[in-house]
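# Coordinate analysis (summary)
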Amino acid sequence: MYQWRKFEFFEEKSGGKSSIPAEVTGKIACCSGGRGRIVIGCDDGTVGLLDRGFKLLYGFQAHASSVLFLQQLKQRNYLVTIGEEDQTSSHLSSTCLKIFDLDKVQPEGSSTTGPLCVQILRIFTSQFPEAMITSFLVLEEAPPILLISIGLDTGSIYCIKGDLSRERISRFKLQVEGPVEIGDSSITGLGFRVEGQARQLFAITPTSVSLFSLHVNPPQRQTLDQIGCNTNAVAMSDHQDLIIGRPEAVYFYEVDGRGPCWAFDGEKKFLEWFRGYLLCVIGDQRSNKNSFNVYDLKNKLIAHSMVVGEVSHMLCEWGYIILIMNDRKVLFIGEKDMESKLDMLFKKNLYNVAINLVHSQHADAVATAEVLRKYGDHLYGKQDYDEAMAQYIQTIGHLEPSYVIQKFLDAQQIYNLTNYLEQLHERGLASKDHTTLLLNCYTKLKDVEKLDKFIKGEDSISEQKFDVETAIRVCRSAGYHEHAMYVAKKAERHEWYLKILLEDLGSYDEALQYISRLEPYQAGVTLKEYGKILIEHKPAQTIEILMKVCTDSGETKRMRSNGADLSMLPSPMDFINSFVHSPQSLMDFLEKYVSRVKDSTAQTEINNTLLELYLSNALSFPSISQENLGNDLKFKANNSREVTNGFASGKKKKLSAESRDDKLEKDWQGRFQKGLSLLKSAWTSEMEHPMYDVDLAIILCEMNAFKDGLLFLYEKMKLYKEVIACYMQAHDHEGLIACCKKLGDSTQDGDPTLWGDLLKYFGELGEDCSKEVKEVLAHIEKDDVLPPIVVLQSLSKNPCLTISVVKDYIARKLEQESKLIEDDRKSIEKYQEATTSMRKEIQELRTNAKIFQLSKCTACTFTLDIPAVHFMCMHSFHLRCLGDNEKECPECAPEYRAVLETKRNLEQNANDQDRFFQQLKSSKDGFSVIADYFSKGILSKTVNDTDTT
């Protein structure tokens with residue numbers, strides 16, 4: 001004890017000015033704290049309730065003569081007192097126990113004022129003989145059950161248990177076996193210990209310490225020690241250990257016997273436990289003075305010490321230690337705040353004491369970390385780096401790591417820095433930068449063993465002790481490829497694993513094996529990123545894996561939805577960027593895919609790409625190959641000029657191709673044949689639309705002078721004029737005539753006007769083509785495509801053609817025209833005679849009378865009788881045979897109506913310009929259509945009507 005340091009962690013708060021109120025006139029016999037007030041009992045039988053300022057709230061007469069003991073309950077606002085009453089009978093004891101309800105007041109008209117007394121019990125009865133009460137303690141069990149223990153000078157303990165307010169109680173007696181002398185067996189202190197359902201009672205005499213187990217029936221007693229203490233030197237700790245004070249030491253007792261003891265000299269007049277501190281009022285017989293000491297037993301220091309006068313009572317309330325002196329003065333002693341106590345310790349560099357203090361008082365983690373930081377700074381200043389780091393490590397989670405890291409960045413402190421960073425990762429508080437720094441420490445130390453433990457430690461990655469990507473990057477940059485690959489594989493970071501294999505190690509076969517073991521989806525994602533380099537070095541193997549991913553060979557990855565199979569496989573077009581420098585491999589891949597998958601959703605895109613590959617002269621095209629971009633542009637510019645000059649340039653291409661290597665030429669021709677086959681197979685006669693982009697196909701055919709493909713496309717699109725234009729540009733007369741025979745046959749839904757274009761071509765050719773012209777004229781004459789005058793005008797432009805070419809054609813046409821003229825002349829004469837006859841008949845109807853001589857009805861053929869109706873057409877009818885129609889002849893009316901309907905339709909058609917121009921366009925002889933309209937007088941009538949309007 002004499003080596004313990006002394007500190008002033010407590011201070012007097014009231015300055016010694018407080019005292020017992022003057023309204024309390026009696027001598028204080030007992031007191032009790034709790035529920036935010038102090039209750040004092042006096043020798044005159046009064047009880048006073050004091051507030052925080054030690055002012056009297058109110059007082060009342062609890063007993064007639066003296067209050068011996070009292071205790072406030074915590075669970076209910078009750079006060080239990082023991083006091084002396086007036087002697088009413090020689091057979092009855094004057095000592096009574098009372099229970100007051102402090103929430104209720106005596107009803108008006110009562111002889112006394114104060115709280116309501118809910119129960120009065122006689123302590124001593126015939127079964128429980130009267131003796132001097134030396135100690136008193138109340139245990140609150142489950143409300144409203146109380147357990148009251150009353151210690152006597154005879155070594156007996158009277159216990160009262162139950163609901164005292166309703167007198168539902170039971171009494172029993174406990175006996176401490178002690179020496180015969182009465183003075184040595186009096187109960188000087190009591191203490192309850194509660195553990196679950198177990199109830200135990202410590203009983204202290206001057207010569208013994210006993211423990212009663214109340215949860216068994218009958219209660220069992222065991223003697224813990226053969227020493228005891230005097231009154232007021234008994235207390236219970238926070239851990240429910242019994243504390244007794246003797247002149248030589250303070251002893252602690254648990255249920256199994258004596259525990260630790262502390263050798264504090266002096267008479268222990270008062271003993272109390274307060275917030276982990278031991279409070280002692282010790283009397284010094286040599287100086288005849290009393291001292292009040294506060295002991296921190298855990299940290300082995302004296303937290304406060306002061307000389308005091310004679311203390312009559314000591315208790316704790318409102319967070320203060322309260323000492324009531326014999327002279328009625330009151331001392332308030334309060335604990336200083338943690339910051340003040342720590343500052344006191346820091347000034348003396350007592351960091352260990354400060355750390356123990358914050359731990360013992362259960363300070364928050366931030367305050368504890370601040371103490372550890374200051375201690376670490378102190379040790380760092382003394383260059384005790386290892387111990388300083390030990391303190392800093394304890395601050396992890398509360399102190400910013402950069403504060404510590406900056407102190408240990410020196411290369412000489414790399415071991416301590418490594419230790420700190422390891423702890424950061426162990427607790428899952430490391431950032432990416434911390435991981436980078438730790439791995440750099442390992443690599444600089446070349447500590448492969450620790451690196452292995454950090455990287456390959458059990459579940460280190462699954463627990464996320466470090467940032468995976470950072471670890472991979474640092475190990476990779478330091479040359480520890482094996483460790484980087486281990487982390488990537490363990491964390492399933494496939495992209496990093498393959499990046500190391502391909503870019504750092506060049507292990508293409510291993511990379512392909514790794515990809516083949518992945519799930520199809522993950523394999524597809526990985527191939528999108530690294531397919532280019534794999535295709536460059538291992539094209540065949542890479543294509544096999546791509547086929548597995550895209551066609552799902554060997555596994556089922558289809559999901560059923562609404563009865564339909566929805567393919568979840570990637571499209572081959574997703575990987576087209578991987579073949580940017582390998583068009584031959586791309587062609588092989590797509591061909592294999594198409595041969596295996598017939599109904600791909602990306603079939604159109606695949607066909608477009610294949611066409612571009614097939615029709616490319618150098619097996620490269622703009623959207624894929626960037627290797628020979630300059631050559632491609634020059635090549636395509638030449639192609640454009642050749643297409644402009646016509647397919648005649650195709651011959652030049654063939655000539656230049658003949659000079660190429662035989663193998664290249666064979667490959668080129670083979671790809672063109674594949675291209676034509678693809679064009680045809682992807683646009684069959686049953687298909688309404690092709691399975692490729694027609695515009696793109698035409699552009700590719702033109703750029704690469706692929707005549708066969710272009711002719712097929714034009715024919716499928718029914719662009720017949722563009723088809724024959726191709727033959728014209730190539731000067732292929734034989735093919736041109738054969739094409740016109742095929743496409744110009746009107747019976748096969750062809751276009752006969754192609755012969756007119758062909759005749760115009762031969763007329764402007766400028767060379768002798770008499771044979772071809774004669775064949776064309778035969779077809780023109782057969783279908784009557786052009787008038788003779790147009791034929792002559794077209795052929796007259798070719799100076800190499802003679803009149804003999806068209807002589808027979810003109811003769812036949814003149815003969816036909818002469819015959820037509822003669823037929824027209826006869827028709828005119830016939831129409832003129834009919835017109836003259838009609839005009840004569842009209843004149844007679846206007847000028848001459850008509851004599852009706854019919855004797856029979858035209859309808860019923862019976863003899864006419866009156867009434868009868870005669871029409872100007874010389875038909876006669878019975879009136880009854882006509883019915884309601886009396887104004888027109890039933891015989892002539894249909895013909896007349898037909899004429900009127902025809903006239904009305906002609907007049908309507910005259911206003912329908914769209915129909916007129918449609919007939920004009922679709923007719924072989926537009927002049928005949930116009931003449932027909934004029935012959936019917938429609939156009940003239942329309943013009944006249946318009947003019948009149």
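So, here's what we can say about the structure. (Residues numbered from 1 in each chain as written. Predicted model: local features only at pLDDT ≥ 70, side-chain atom pairs only at ≥ 80, totals over all residues. Heavy atoms only, no water.)

### Some remarks on the packing of helix H9 (residues 468-477) against helix H10 (residues 481-490)
The condition is simple: The angle between two axes is taken between their N-to-C directions and runs from 0 to 180 degrees, where each axis is a line fitted to C-alpha atoms and a helix contributes only its stretch in contact. Starting at the N terminus, helices and strands are each numbered in turn, a helix being any DSSP run of H or I of at least four residues and a strand any DSSP run of E of at least two. Any angle between 65 and 115 degrees counts as roughly perpendicular, while under 35 counts as roughly parallel, over 145 as roughly antiparallel, and the rest as oblique. By definition, turning the near helix anticlockwise from the far helix through less than a right angle yields a left-handed crossing, and turning it clockwise yields a right-handed one. In what follows, a contact means two residues having at least one pair of non-hydrogen atoms within 4.5 Å. Classes in brief: Ala, Val, Leu, Ile, Met, Phe, Trp, Tyr, Cys and Pro nonpolar; Asp, Glu, Lys and Arg charged; the others, Gly included, polar.
Viewed as axis vectors pointing N to C, H9 and H10 meet at an angle of 160°, and their least axial separation amounts to 7 Å. Our classification of the angle between H9 and H10 gives roughly antiparallel. In this structure, H9 crosses over H10, and the sense of that crossing is left-handed. For the pair H9 and H10, contact is made by Val468, Ile472, Cys475 and Arg476 and by His481, His483, Ala484, Val487 and Ala488, respectively. Residues of the contact of H9 with H10, tallied by class, amount to six nonpolar, two polar and one charged.

### Some thoughts on the pattern of salt bridges
Going by this rule: Here a salt bridge means any side-chain nitrogen of Lys or Arg lying within 4 Å of a carboxyl oxygen belonging to Asp or Glu. Note on exposure labels: buried denotes an accessible area under 20% of the residue type's maximum, exposed denotes more than 50%, and partly exposed covers the range between, all computed with a 1.4 Å probe on protein chains only.
Evaluated as defined, the whole model comprises 19 salt bridges. Across the pair Asp284 and Arg286 runs a salt bridge whose closest N-O atoms are separated by 3.8 Å. With relative accessibility at 81%, the residue Arg286 sits in the exposed group. Salt-bridge contacts for Glu544 lead to Lys592; the nearest nitrogen and oxygen are separated by 3.4 Å.

### A word on the sheet that holds strand E6 (residues 56-61)
What counts, and what does not: Here the rule is simple: two strands pair whenever DSSP picks up at least two bridges between them.
Read across the open sheet, the four strands follow the order E3-E4-E5-E6; overall the sheet is antiparallel. Taken across any chain shown, the strands that pair with only one partner, and hence form the sheet edges, are strand E3 (28-34) and E6. Between one strand axis and the next, the sheet turns by 15° as a mean value, whatever way the strands run. Sheet analysis places E3 next to strand E4 (residues 37-42), joined by six bridges and oriented antiparallel. Residue Ile28 lies in a different strand from E4, and its bridge partner there is Cys42.

### Notes on the packing of aromatic side chains
For clarity, the cut-off: Any Phe, Tyr or Trp ring, taking Trp's six-membered ring, that has another such ring centre within 6.5 Å forms a pair; planes under 30 degrees apart are called stacked, those over 60 apart edge-to-face, and the others tilted. Cation placement over rings: the criterion is NZ of Lys or CZ of Arg within 6 Å of the ring centroid and within 35° of the ring normal.
Enumeration according to the criterion identifies 27 aromatic pairs in this entry. An aromatic cluster of three or more residues is present, and its members are Tyr380, Tyr385, Tyr392, Tyr403 and Phe408. Above the plane of the ring of Tyr380 lies Lys407, whose end atom (NZ or CZ) is 4.8 Å from the centre.

### Concerning the side chain of Ser876
Cut-off, in case you're wondering: Polar contacts, as counted here, are pairs of nitrogen or oxygen atoms within 3.5 Å of one another; within protein the pair requires one atom able to donate a hydrogen and one able to accept it, and residues that are adjacent in sequence qualify only if both atoms are side-chain atoms.
Here Ser876 is to be found in strand E33 (residues 876-878). Within the structure, Ser876 has its side chain in polar contact with the side chain of His870 (distance 2.5 Å). Dropping the residues within four chain positions of it, Ser876 is found in contact with Leu854, Lys856, Cys857, Thr858, Leu864, Val869 and His870.

### Thoughts on the pairing of strand E9 (residues 95-105)
Burial analysis of E9 places eight of its eleven residues in the buried class, the great majority of the element. Both strand E8 (residues 78-84) and E9 contribute to a ladder of seven bridges, which runs antiparallel. The residue of E9 that forms the bridge with Val80 is Ile99. The pairing of E9 with strand E10 (residues 115-122) spans seven bridges and is antiparallel. Residue pairing across strands places Ile99 opposite Gln119, the latter belonging to E10.

### Digging into the nonpolar core
Going by this rule: What makes a nonpolar core is a set of buried Ala, Val, Leu, Ile, Met, Phe, Trp, Tyr and Cys residues whose side-chain atoms join them at distances within 4.5 Å.
If you look at the biggest cluster of nonpolar residues, it comprises 153 residues, and the most contacted ones within it are Phe9, Phe292, Leu323 and Tyr692. The next biggest cluster of nonpolar side chains, apart from the first, holds 22 residues, and it includes Val80, Phe128, Ala131 and Leu164.

### Here's the deal with helix H12 (residues 508-516)
Note the threshold: Along the arc lie the directions from the helix axis toward the C-beta atoms.
Every buried residue of H12 is listed here: Tyr508, Ala511, Leu512, Tyr514 and Ile515. Buried residues along H12 cover an arc of 160° about the axis, so they all sit on one side. On its buried face, H12 is in contact with H10, helix H11 (494-505), helix H13 (520-537) and helix H14 (539-551).

### Considerations on unusual backbone geometry
Here Asn217 and Pro218 are connected by a cis peptide whose omega angle stands at -5°. On the secondary structure map, Pro218 appears in the loop between strand E17 (208-213) and strand E18 (220-225). Cis peptide bonds are those with omega within 30 degrees of zero, and the linkage from Ile866 to Pro867 qualifies with 0°. Structurally, Pro867 is set in the loop between helix H27 (804-847) and strand E32 (868-870). Of note, the phi angle at Arg35 is positive, near 60°, even though the residue is not glycine. Mapped onto the elements of the fold, Arg35 is located in the loop between E3 and E4. By relative accessible area, Arg35 is classed as partly exposed at 42%.

### Overview of the packing of helix H20 (residues 694-703) against helix H21 (residues 707-716)
Relative orientation and spacing of two packed helices are given, respectively, by the angle between their axes and the distance between those axes. In the contact formed by H20 and H21, the axes pass within 8 Å of each other and the chain directions differ by 150°. Crossing hand, H20 versus H21: left-handed. Contacts between H20 and H21 involve Ala697, Ile698, Cys701 and Glu702 from the first element and Gly709, Leu710, Leu713 and Tyr714 from the second. Each residue belonging to the contact of H20 with H21 can be placed in one class, and the counts come to six nonpolar, one polar and one charged.

### Some thoughts on the sheet that holds strand E20 (residues 242-245)
Reading across from one edge, E19-E20-E21-E22 is the order of the four strands in this open sheet, with antiparallel pairing throughout. Sheet topology places strand E19 (234-236) and strand E22 (257-262) at the edges, where each strand pairs with a single neighbour. When strand polarity is set aside, the average angle formed by the axes of neighbouring strands in this sheet is 25°. Note that strand E21 (residues 250-254) and E22 share four bridges and pair antiparallel.

### So, the pairing of E21
On a regular strand, each side chain points to the face opposite its neighbour's, so the side chains alternate between the two faces of the sheet. By the criterion of burial, E21 is predominantly enclosed, with four of the five residues buried. Bridge analysis of E20 against E21 gives four bridges, and the strand direction is antiparallel. From the neighbouring strand, Leu242 faces E21, where its bridge partner is Tyr253. The hairpin formed by E20 and E21 contains four residues between the paired strands. Between E21 and E22, which follow one another and run antiparallel, lie two residues.

### Some remarks on the environment of Lys407
The topology assignment puts Lys407 in helix H5 (residues 401-407). Excluding anything up to four places from it in sequence, Lys407 contacts Asp377, Tyr380 and Tyr392.

### What about H10?
For H10, the set of buried residues is His483, Ala484, Met485, Val487 and Ala488. Buried residues along H10 sit against helix H8 (448-456), H9, H11 and H12.

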